[in-house]
Structure formats: C-alpha cells, structure tokens
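# What the coordinates show
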Amino acid sequence: MQLNLTKPICFFDLETTGINITHDRIVEISILKVFPNGTEESKTWLVNPEMTIPKEVTEIHGITNEKVANEPTFKELAKDIHNMIKDSDLGGFNSNRFDIPLLAEEMLRAEVDFDMKNRVAVDVQTIFHKMEQRTLSAAYKFYCDKNLDGAHSAEADTNATYQVLKAQLDKYEDLENDTKFLAEFSSRRKFADFAGFISYNKEGKECFSFGKHKGKLVTEVLEKEPGYFGWLLNADFPLYTKKVLTAIKLRSFNNKLG
C-alpha cells in the first residue's frame, strides 16, 4: 500500500555518539523524502560530531572517529538538512522520543530554527509496539518477510522503517492511510517539548511534569516565582525545552499587555 499524502514526509534515522539528547551528537543522518505523487528522494550524510565517539557506541553502528574526522560538522550541514525537511512531516522508528528531539537540539545549536508547529510526526515504532511489541529487525522480518541486512546503519534502518509502515497499512485495516491519523496513533502522552518536561493538562494548558512544580501550570509558576525561569534557562535542559518555556513566558506577557 502506498502512503496517502497531502504533503511530503521525510523518514529519517540518526546514528549518534550516544543517547543523551542534550549532550550527544549526530555522526550520520539519512533522510528518505516521499512526495504525495509517490516519488522519492534520499540523502545520507556522515557528520563530524566534534567529540569522541565512544568505543562501545562504534561497536553498535560501526562509525569510527577516523571515519568522520574529515566530514562536515552538523552546523555546516544544517541548512541543507533543514531545506530538505522544512516542508515535510517527519517519520521514523522511535523518532518521537529520540531522533526528533536530538535533531532539534542539533538544529538549535546550529542556529537554525526548528519546531513541529506546522507538521506531524509518525513514529513507526509506536505503531509496531501497539500492534506487535518487537524491534525494527523483527518488524522488518514480520511485516516484509525479509532479514534486515546492515541494521544500525542509518540508510538501512531508514529504508526498512519506510517499508514497514507501508506493510503495516496493508496488514491492519483499522490503520487509516493518512499522515495525521498515523501521527496521532503513534504518539504517546502529549508534551509541549520533545524531552517531556512540559506536558499538557486536560484543558490543554502547559504544566511542568517534573520537580517541585510537577503538575502546576507553567504560567502560574513563572509569575509567582520569576527566578525559576532564569534557573531553568541556565540549567542543563535541552535547548528546545528552553525555547518552549521562553515562548510561553512571552505569550503570557503579551496577553497581559493585551
């Protein structure tokens, strides 16, 4: 089954120096852009992370420090990557919890604005886990009846993710061939930021989901305890979380002026 698209969708996968969204860096990114007319465009970049790739991580994806030493940094690639994805929805495997948050951090570090306001994200892993509870290799074997050669290379994982989603649409009649439906189905708890520090309550208002103010409205906390905002901006939180907090504070300030 081909995807029923109203706008392009970019499936992508990252290989990184580790799994810490705030501190780790991308060493490889592969993007497969699928257009509404069915045409496809793909691109893979090796990236110099400007930090050492731990040996135990290299053993997983096979990318050594020597392999990326002469490759461009993410900051040098950021505009090209952004130009490829800026008009598209996003798709990936565990992308809502890892790839998109880490990509956002890299973009913001490179001073390229990034948000999800005008797009949705389809997480194929979440669909898979809701239906079958397996891994990407098992998903590829289960849905496509093929062995995933080259697992943990960004290109192989990206292509497998795209093929698995199409096979999922063929297999499950209750899955709608619609990107917004798939994004909603593959989402978990609603958060305002990628890392999950700011959630939405039943009324759709932003609340802190951690620490001493857990469950409290962000606007109320920032008004009653102004110093907390400064502490958050200087603490070790993801850049995207800080961006969201700043936007909430500015919105509240503008509402008062209005």
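In this report, we go over the structure that sits alongside the text. The structure displayed is predicted, hence computed values, not measured ones.

## Let's talk about the overall build of the chain
Within the chain, the regular secondary structure consists of 11 helices and 7 strands. Its C-alpha atoms give the chain a radius of gyration of 19 Å, near enough to 18 Å, the size a compact globule of 258 residues would have. Taken over the C-alpha atoms alone, the chain extends approximately 55 × 45 × 30 Å along its principal axes. Looking at the 258 residues of the chain, the share that counts as buried comes to 50%. Excluding contacts between residues fewer than 6 apart, the proportion of contacts in the chain whose partners are at least 24 apart in sequence is 60%. Surface exposure of the chain reaches about 13,300 Å², of which carbon and sulfur atoms provide 49%. The chain carries 34 positive and 40 negative side-chain charges, and their two centres are separated by 7 Å.

## Some words on the packing of aromatic side chains
This structure, assessed with the given rule, holds 15 aromatic pairs. With a centroid separation of 5.9 Å and an interplanar angle of 85°, the aromatic rings of Phe 208 and Phe 210 are classed as edge-to-face. When sorted by exposure, Phe 208 lands in the same class as Phe 210, which is buried. Consider the rings of Trp 231 and Phe 237, whose centres lie 5.7 Å apart with planes at 80°: the pair is edge-to-face. Here a set of aromatic residues connected by ring pairs shows up, and it is made of Phe 197, Phe 208, Phe 210, Tyr 228, Trp 231 and Phe 237. The ring of Phe 185 carries the charged tip of Lys 130 above its face, separated from the ring centre by 4.7 Å.

## Describing the sheet that holds strand β1 (residues 9-16)
Strand order in the open sheet formed by 5 strands is β3-β2-β1-β4-β5, and the pairing between neighbours is mixed. One side of each edge strand has no neighbouring strand; the edge strands of this open sheet are β3 (40-46) and β5 (121-123). Going from strand to strand, the sheet's axes swing by 20° on average, the running direction of each strand aside. Here strand β4 (residues 89-92) pairs with β5 via 3 bridges, running parallel. Within β5, the residue paired with Gly 91 across the bridge is Val 122. Relative to the sheet, helix α4 (residues 95-109) contacts β1, β2 (26-34), β4 and β5, its axis offset from that of β1 by approximately 80°.

## Things to note about the packing of helix α5 (residues 124-131) against helix α7 (residues 154-171)
Across the interface, α5 lies against α7 with an axial gap of 10 Å and an inter-helix angle of 45°. The angle between the axes of α5 and α7 places the two elements in the oblique class. Crossing of α5 against α7: the hand is left-handed. Contacts from Val 124, Ile 127 and Phe 128 in α5 reach Thr 161, Val 164, Leu 165 and Gln 168 in α7. Residues that form the contact of α5 with α7 fall into these classes: 5 nonpolar, 2 polar and no charged.

## Topic: the nonpolar core
Counting residues in hydrophobic clusters, the biggest one holds 45 residues, and the most contacted among them are Ile 29 and Phe 114. Looking at this core, the elements that each hand over two or more residues are β1, β2, α3 (74-85), α4, α9 (218-224), α10 (226-234) and α11 (239-257). Per element, the largest residue contribution to this core is 7 residues, and it comes from α4. With residues near it in sequence (within four places) discarded, Phe 114 still touches Ile 85, Leu 90, Ile 100, Leu 103, Ala 104, Met 107, Leu 108, Arg 119, Phe 194, Tyr 240 and Lys 243. Counting 28 residues, the second-largest nonpolar core is a separate cluster that includes Tyr 162, Val 164, Leu 169 and Leu 175.

## A look at α10
Of all the positions in α10, only Tyr 228, Phe 229 and Leu 232 are classed as buried. Down the axis, α10 shows its buried residues gathered within 105° of arc, on one side only. Turned more than 90 degrees away from the buried face of α10 sit Pro 226, Gly 227 and Asn 234, all of them exposed. Looking at the buried positions of α10, the neighbouring elements they touch are β7 (206-208), α9 and α11.

## Side note on the pattern of salt bridges
Counted by the stated rule, this structure contains 9 salt bridges. A salt bridge links Lys 7 to Asp 89; its shortest N-O distance comes to 3.7 Å. In this pair, Lys 7 sits in the segment before β1 while Asp 89 sits in strand β4, placing the two residues 82 residues apart along the sequence. With a relative accessible area of 24%, Lys 7 lands in the partly exposed category. On the basis of relative accessible area, Asp 89 is assigned to the buried category, the value being 5%. With its nearest N and O atoms 3.3 Å apart, the salt bridge here joins Arg 109 to Glu 106. In this pair, Arg 109 and Glu 106 are both assigned in helix α4, 3 residues apart and thus about one turn of the helix distant.

What counts, and at which threshold
Residues numbered from 1 in each chain as written. Predicted model: local features only at pLDDT ≥ 70, side-chain atom pairs only at ≥ 80, totals over all residues. Heavy atoms only, no water. Helix = DSSP H or I, 4+ residues; strand = E, 2+ residues; numbered from the N terminus. Rg over C-alpha atoms; globule rule 2.2 N^0.38 Å. Buried < 20%, exposed > 50% of the residue type's maximum accessible area, 1.4 Å probe, protein only. Contact = heavy atoms within 4.5 Å. Areas by Shrake-Rupley, 256 points an atom, 1.4 Å probe, with all protein chains shown as cover. Lys, Arg positive; Asp, Glu negative; His and termini not counted. Charge placed at Lys NZ, Arg CZ, Asp CG, Glu CD. Phe/Tyr/Trp six-rings, centres within 6.5 Å; stacked < 30°, edge-to-face > 60°. Lys NZ or Arg CZ within 6 Å of the ring centre and 35° of its normal. Pairing = 2+ DSSP bridges. Axes fitted to C-alpha atoms, helices over the stretch in contact; angles between N-to-C directions. Parallel < 35°, antiparallel > 145°, perpendicular 65-115°, else oblique. Left-handed = near helix turned anticlockwise from the far one by under 90°. Nonpolar A, V, L, I, M, F, W, Y, C, P; charged D, E, K, R; others polar. Core = buried A, V, L, I, M, F, W, Y, C linked by side-chain atoms within 4.5 Å. Arc of directions from axis to C-beta. Salt bridge = Lys/Arg side-chain N within 4 Å of Asp/Glu carboxyl O.

It is worth stressing that arrangement in space is one thing and function is another; only the former is reported here.
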